[in-house]
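# Notes for the structure review
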Amino acid sequence: MTLQHCLILAFILFAVGMWGVLRRRHLVGMLLSIEIMLNAANINFISFAYFKAQDATAGAVFSIFVIAVTACEMAVALAIVVTMYRRHHSLDVNQLRDLHE
Amino acid sequence: MSLISNALMSDIIFYVVAFAMVATAVAVVLAKNLLQSAVFLIFSFIGTAVLYLLLHAEFNAMAQIMVYAGGVVIFVIFTILLTSHLGESTLYVKLPRTFIALVISAALLAMLVHFILPAQELVTSTPTAGASYASLSAFAFRLLSTDADGLVIPFEIVSILLLVTLVCAITIARKTKEEEDK
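Criteria and cut-off values
- Residues numbered from 1 in each chain as written.
- Chains lettered and ligands numbered in written order.
- Predicted model: local features only at pLDDT ≥ 70, side-chain atom pairs only at ≥ 80, totals over all residues.
- Helix = DSSP H or I, 4+ residues; strand = E, 2+ residues; numbered from the N terminus.
- Rg over C-alpha atoms; globule rule 2.2 N^0.38 Å.
- Buried ≥ 20, exposed ≤ 12 C-beta atoms within 10 Å, placed from the backbone.
- Contact = placed C-beta atoms within 7 Å.
- Nonpolar A, V, L, I, M, F, W, Y, C, P; charged D, E, K, R; others polar.
- pLDDT = per-residue confidence, 0-100.
- Axes fitted to C-alpha atoms, helices over the stretch in contact; angles between N-to-C directions.
- Parallel < 35°, antiparallel > 145°, perpendicular 65-115°, else oblique.
- Core = buried A, V, L, I, M, F, W, Y, C linked by C-beta atoms within 7 Å.
- Expected span 1.5 Å × (residues − 1).

### Regarding the overall build of chain A
Tallying secondary structure elements over chain A gives three helices and zero strands in all. The linear arrangement of helices and strands in chain A, starting from the amino end, is α-α-α. A globule of 101 residues ought to have a C-alpha radius of gyration of about 13 Å, yet chain A, at 17 Å, is considerably larger. Projected onto the principal axes, the alpha-carbon positions of chain A cover approximately 50 × 25 × 20 Å. When each of the 101 residues of chain A is scored for burial, the buried share is 52%. A fraction of 45% describes how many contacts in chain A between residues 6 or more apart in sequence connect residues 24 or more apart.

### Some remarks on the overall build of chain B
Per the secondary structure count, chain B includes eight helices and zero strands. Mapped in sequence order, the helices and strands of chain B form the string α-α-α-α-α-α-α-α. With 182 residues in all, chain B has 24% of them scored as buried.

### Points about the interface of chain B and chain A
Quoted interface sizes are often the accessible area lost when the parts come together. Between chain B and chain A, the residue contacts involve 72 residues of the former and 59 residues of the latter. Elements represented by at least two residues in the side of chain B that touches chain A include exactly helix H1 (2-30), helix H2 (34-54), helix H3 (58-83), helix H4 (95-116), helix H5 (120-124), helix H6 (136-144) and helix H7 (152-173) of chain B. It is H4 of chain B that contributes the most residues to the side of chain B that touches chain A, 12 residues altogether. Its residues assigned to classes, the side of chain B that touches chain A shows 54 nonpolar, 15 polar and three charged.

### Quick word on the environment of Leu30 of chain B
All names here are of chain B. The topology assignment puts Leu30 in helix H1. Taking the C-beta count within 10 Å as the criterion, Leu30 has 16 such neighbours and is therefore assigned partly exposed. As a C-alpha pair, Leu30 and Thr98 span 68 residues in sequence and 9.5 Å in three-dimensional space.

### Here's the deal with the confidence of the model for chain B
Residues shown with low pLDDT carry predicted positions that ought not to be read at fine detail. Residue and element names in this part refer to chain B. Here chain B averages 84 in pLDDT, and 88% of its residues register 70 or above. Here helix H8 (residues 177-181) is the element of chain B with the lowest mean pLDDT, 68, and H7 is the one with the highest, 92. What the predictor reports for the complex is a pTM of 0.88 with an ipTM of 0.89.

### Notes on the packing of helix H3 (residues 56-88) of chain A against H7 of chain B
Close contact between H3 of chain A and H7 of chain B brings their axes to 8 Å; oriented N to C, the two are set at 10°. Between H3 of chain A and H7 of chain B, the crossing angle belongs to the class labelled roughly parallel. Contacts between H3 of chain A and H7 of chain B pair Phe65, Ala68, Cys72, Ala75, Val76, Ala79, Ile80, Val82 and Thr83 of chain A from the former with Pro154, Val158, Leu161, Leu162, Thr165, Leu166, Cys168, Ala169, Ile172 and Ala173 of chain B from the latter. Classifying every residue of the contact of H3 of chain A with H7 of chain B by side-chain character gives 17 nonpolar, two polar and no charged.

### Points about the packing of helix H2 (residues 27-51) of chain A against H3 of chain B
One way to put it is that H2 of chain A packs onto H3 of chain B with a least axis distance of 12 Å and a crossing angle of 175°. Of the possible angle classes, the one that applies to H2 of chain A and H3 of chain B is roughly antiparallel. When H2 of chain A is examined against H3 of chain B, the residues Val28, Leu31, Leu32, Glu35 and Ile46 of chain A are found in contact with a partner set consisting of Asn60, Val72, Val76, Thr79 and Ile80 of chain B. Classifying every residue of the contact of H2 of chain A with H3 of chain B by side-chain character gives seven nonpolar, two polar and one charged.

### Section: the nonpolar core
Residues Ala10, Leu13, Val16, Val28 and Ile46 of chain A together with Leu41 and Val76 of chain B are the most contacted members of the largest nonpolar core, which totals 65 residues. At the level of elements, helix H1 (3-23), H2 and H3 of chain A together with H1, H2 and H3 of chain B are the ones that each hand at least two residues to this core. Top contributing element to this core by residue count: H1 of chain A, with 13 residues. Once residues lying within four places of it in the same chain are set aside, the contact partners of Val16 of chain A are Ile36 of chain A together with Val22, Ala25, Val26 and Val29 of chain B.

### Quick notes on unusual backbone geometry
Glycine aside, the phi torsion of most residues is negative, and most peptide linkages are trans. Positive phi, close to 60°, is recorded for His56 of chain B, a residue that is not glycine. Inspection of the secondary structure puts His56 of chain B in the loop between H2 and H3.

### Remarks on H1 of chain A
When the terminal C-alpha atoms of H1 of chain A are compared, their 30 Å separation across 21 residues agrees well with the 30 Å that a helix rising 1.5 Å per residue should span. In terms of burial, H1 of chain A is largely enclosed, as 17 of its 21 residues are buried.

### Brief notes about the confidence of the model for chain A
Looking at chain A, pLDDT values average 86 and 96% of them are 70 or higher. Per-element confidence in chain A is highest for H1 of chain A, whose mean pLDDT is 92, and lowest for H3 of chain A, whose mean pLDDT is 87.

Shown next, in the form of structure tokens:
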């Protein structure tokens, strides 16, 4: 287990998440894929903090802030999802092109 | 002797956990039903928590399980159940779209790995962090100390951010007056 292995694992997870975001047509499915991508970013933070950092605890604290901001983001995004479903009765991103109205 | 076997053991655990994480992430992307997707995401997050334990970041592993596997995914499952009928499969995705998305993300992955592979210092680097760098007490003292390198102000800002976003989420998601009258 070297830093390189951890980084490559994070890159693979990021690519899988991007695949999901590009592939899904359902809004909640896209949000789940975004979670995978943010998780990959967190793995980068932690592995650099463990292998490289002068001040390792600060590196680990950073990912706690990422987790907190992610929780905020999911709360607002899911509220928007519920409102959109109530208005359009659909969560297909291809049908949500009238947001500018 | 015992040290070598320890390193080998953590290597084996790392590869098993990494394989499980990638497999469950692919399952999240490919699952037909969104509920299955969310359940696979829980397993992926638990794998991440095990990886954090391997990297000696205990507090992060705990936060990962409590916030992600316990909070966010349950929230997502509630939303799926609120916005669709139980057992309904997701929207049909055409095969070319899946394929093009796969090609784009595989190209991104190939480029990133291509640039990371020549860096020798990433392969040979040994852990600089002490064995207990992110232990609970070190973490708590760091997060709440008011010294120059303490992190109490970001901590408070994050707590205000959480409050504000929760109020915003409730404001967005509640029914308006007209909708209640209907």
